[in-house]
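# Descriptive analysis of the structure
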Amino acid sequence: MADSSFDIVSKVERQEVANALNQAAKEITQRYDFKGVGASIAWSGEKIEMRANAEERVKAVLDIFETKLVKRGISLKALDAGEPQASGKECKIVASIEEGISQENAKKIAKIIRDEGPKGVKALVQGDELRVSSKSRDDLQEVQALLKGKDLDFAIQFVNYR
């Protein structure tokens, strides 16, 4: 019998992020508490830029964006928002969407699987993802449950389960 396997990845649906950003921008233009404060959110290359005339207003813009991301099923662990920066009369926050599992994080996951997972489960780092394989599908499901229970500081998904 061949080994069963699945991949652990950290990917974000770009279209969903764009939809969440558009919804947040629409809400910001319509809300009365954002009238006249120059609040905005938009793509700036690969990054997302939020602006307003006060630090608490720009944090409110970030909060709205985070709410829209959660409603679209995107983990906030994938959002890397910087600190508010004052420039002239306005404040801005620059955020980016983190994708891929770094080598260091992949080794961390592999160590968790080795130390706490069932015996006979192998984890192999492949670029920015991790392939987990075992003879038993039950062991693979146990590994998924184990990793879901861990509070990792980055988003992971399980794909290609076969």
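Residues numbered from 1 in each chain as written. Predicted model: local features only at pLDDT ≥ 70, side-chain atom pairs only at ≥ 80, totals over all residues. Heavy atoms only, no water.

### Some words on the overall build of the protein chain
Using the following cut-off: Per the convention used, a helix needs a DSSP run of H or I reaching at least four residues, while a strand needs a run of E reaching at least two, with both numbered from the N terminus. Only the C-alpha atoms count toward the radius of gyration. The rule for a globule is 2.2 Å times the residue count to the power 0.38. Here's how the labels work: a residue is buried when its accessible area is under 20% of the maximum for its type, exposed when over 50%, partly exposed in between, all with a 1.4 Å probe on protein chains only. Note that accessible areas follow from Shrake-Rupley with a 1.4 Å probe, and for residues the cover is restricted to the protein chains shown.
In terms of regular secondary structure, the protein chain is built from four helices and nine strands. Going from N to C terminus, the protein chain has its helices and strands arranged as β-α-β-β-α-β-β-β-α-β-β-α-β. Relative to the 2.2 N^0.38 estimate, which gives 15 Å for 162 residues, the radius of gyration of the protein chain is 20 Å and therefore markedly larger than a compact globule would have. Projected onto its principal axes, the C-alpha coordinates of the protein chain cover approximately 65 × 25 × 25 Å. Burial statistics for the protein chain: of 162 residues in total, 39% are counted as buried. Carbon and sulfur atoms make up 47% of the accessible area of the protein chain, which amounts to about 9300 Å² in all.

### As for the side chain of S96
Keep this limit in mind: Polar contacts, as used here, are pairs of N or O atoms within 3.5 Å; protein pairs need one atom able to donate a hydrogen and one able to accept it. Residues neighboring in sequence count only if both atoms are side-chain atoms. Any two residues whose heavy atoms approach within 4.5 Å are treated as being in contact.
Along the chain, S96 turns up in strand β6 (residues 90-97). Classification of S96 as buried rests on a relative accessible area of 11%. Separated by 3.2 Å, the side chains of S96 and E98 make a polar contact. In this structure S96 touches K47, A78, L79 and D80, once residues within four positions along its chain are discounted.

### What about the pattern of salt bridges?
Note the threshold: Basic side-chain nitrogens of Lys or Arg form a salt bridge, by our definition, when they fall within 4 Å of a carboxyl oxygen of Asp or Glu.
In total, this model carries 16 salt bridges according to the counting rule given. Note that K150 is salt-bridged to E116, the shortest N-O span being 2.8 Å. Of the two residues, K150 sits in the loop between α4 (137-149) and β9 (157-159) while E116 sits in helix α3 (residues 103-116), which places them 34 residues apart along the sequence. A relative accessible area of 44% means that E116 is categorised as partly exposed.

### A few points about helix α2 (residues 55-71)
Since one α-helical turn is 3.6 residues long, residues separated by three or four positions face the same way. As a reminder of what qualifies: Here the expected length of a helix is defined as 1.5 Å per residue gap, with one fewer gap than residues.
With 17 residues, α2 should cover 24 Å at 1.5 Å per step; its first-to-last C-alpha distance of 25 Å lies within 8% of that length. Of the residues making up α2, those classed as buried are V58, A60, V61, L62, I64, F65, K68 and L69. Next to the buried residues of α2 lie α1 (14-30), β2 (40-44), β3 (47-52), β4 (79-81) and β6. G73 occupies a position one or two residues after α2 and carries a positive phi of about 80°.

### Notes on the pairing of strand β1 (residues 4-9)
To keep things clear, this is the line we draw: Here the rule is simple: two strands pair whenever DSSP picks up at least two bridges between them.
Counting buried residues along β1, six of its six residues qualify, which places the element largely inside the surrounding structure. Pairing analysis gives five bridges linking β1 to strand β8 (residues 129-134), with the strands arranged antiparallel. Directly across from S4, in β8, lies its bridge partner S134. With three bridges connecting them, β1 and β9 associate as antiparallel partners.

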